[in-house]
Amino acid sequence: VPTLVLALIAAYAVFFAAIHAIVTRGSGGPRRP
Amino acid sequence: MIVGHYAAALLPWSRLKDEGGCPFWLLLLSAQVPEFLWLALALAGVEAPRPASLLDASFSNIQVEMLWSHNLVPALVQAAIVAGAVFAALRRARAALACGGLVLLHVLCDYVVGFEHQVLGRDSPRVALDSYGRAPELAILFELGWSLACIFWYHASEARRGRPVARGRRRLLYAVFAVGILMWLPAARTPLRALFGPR
């Protein structure tokens, strides 16, 4: 079993979700006038 | 480079957010297209790393040929395909350029922080430093520096646009990248089995 590749897939998924959540949570969208 | 690629997605985000129409997840995805292609090819046995076991692998002992996913010419093709697909879907030239650029930036970063890569085939000129093989600790620290610089740029860019990011979220973003990058440091030269296994 290629556990190295599976571990990397898990790491990429976890950090994708975490970074997306931090950056977009409360994000105001386009600049307010 | 592993998690550090995600930091590149922050570079165009402030400007694209102003214009609207380009979701952040698309930038994150574009920043990792060559990596996700490699993972798919690795699972298919085409670009499989050796050793295959997480316990036996360290940055300095992994042997892998990423001919299709990370060599320069295939990466240019990937960038063109991604830019074309994004333009077809969103009809926004700047978003398409950003996504294609992130694909190309991915491999350029990996030529500094990563394995050996070539222009096209395995016998073509080398374009990468093979820093994982030569100085993996330095490579990981360089990835950390790159990521922190991208985050700093993003926060400054948001502040310039009148949307300063709250201190708590700023710190959290720095912390997530620091953890995601530094957690690999113990495995720079020593496989996990040697670190934690029976002696």
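Numbering of residues starts from 1 in every chain and runs along the sequence as written. The lettering of chains begins at A and the numbering of ligands begins at 1, in the order of writing. Totals for whole chains, interfaces and linings use all residues, but because this is a predicted model, local features are given only for residues with pLDDT of at least 70 and pairs of side-chain atoms are given and counted only at 80 or more. Excluding hydrogens and water, the side-chain figures rest on all heavy atoms present in the structure.

Next up on the list: the overall build of chain B. A count of helices and strands for chain B gives ten helices and zero strands. Put simply, DSSP H or I for four residues or longer makes a helix, DSSP E for two residues or longer makes a strand, and each gets a number counted from the N terminus. Listing every helix and strand of chain B by position from the N terminus yields α-α-α-α-α-α-α-α-α-α. On C-alpha atoms alone, chain B measures out to a radius of gyration of 18 Å, which is about the 16 Å that the 2.2 N^0.38 rule sets for 199 residues. Its C-alpha atoms give chain B principal-axis dimensions of roughly 55 × 40 × 25 Å. Buried residues are those whose accessible area, probed at 1.4 Å on protein chains only, stays under 20% of the maximum for their type, while exposed residues exceed 50% and partly exposed ones sit between those limits. For chain B, with 199 residues in total, the buried portion stands at 50%. Considering only contacts within chain B whose residues lie at least 6 apart along the sequence, 67% involve residues at least 24 apart. A positive count includes Lys and Arg, and a negative count includes Asp and Glu. His and the chain ends are not counted in either. To locate a charge, the coordinates of NZ of Lys, CZ of Arg, CG of Asp or CD of Glu are taken. Each charge sign in chain B was given a centre, from 19 positive and 13 negative side chains, and these centres are 11 Å apart. Each radius of gyration is computed over the set of C-alpha atoms, and the globule rule expresses the reference value as 2.2 Å times the number of residues to the power 0.38. Contacts are assigned to residue pairs that have any heavy atoms within 4.5 Å of one another.

So, on to the interface of chain B and chain A. With 37 residues of chain B in contact, the opposing surface of chain A contributes 25 residues. By convention, the term buried area covers the 1.4 Å-probe accessible surface removed from two parts as they join, with the contributions of both added. Roughly 2800 Å² is buried in total at the junction of chain B and chain A, and carbon and sulfur atoms are behind 77% of that figure. Between N or O atoms, a polar contact is any pair within 3.5 Å; within protein, one atom must be a potential hydrogen donor and the other a potential acceptor, and residues adjacent in sequence are included only when both atoms are from side chains. On inspection of chain B and its partner chain A, the count reaches seven residue pairs in polar contact (both at pLDDT 80 or more). Those elements that place two or more of their residues in the side of chain B that touches chain A are α2 (13-19), α3 (24-30), α4 (33-43) and α9 (167-182) of chain B.

In predicted models, pLDDT denotes the confidence assigned by the predictor to each residue on a 0 to 100 scale. Per-residue confidence for chain B gives a mean pLDDT of 97; residues scoring 70 or more make up 99%. For this predicted complex, the interface confidence comes out at an ipTM of 0.95, alongside a pTM of 0.94.

Patch membership requires over 30% relative accessible area and the absence of a salt bridge. Like charges are linked within 9 Å, and nonpolar side chains (Val, Leu, Ile, Met, Phe, Trp, Tyr) within 5 Å. All accessible areas in this document rest on Shrake-Rupley with a 1.4 Å probe, and a residue is counted as covered only by the protein chains that are shown. Salt bridge criterion: a side-chain nitrogen from Lys or Arg within 4 Å of a carboxyl oxygen from Asp or Glu. Together, V1(A), L6(A), I9(A) and L43(B) line one region of the surface with nonpolar side chains, adding up to about 380 Å² of accessible area. Structurally, L6(A) is set in helix α1 (residues 3-24).

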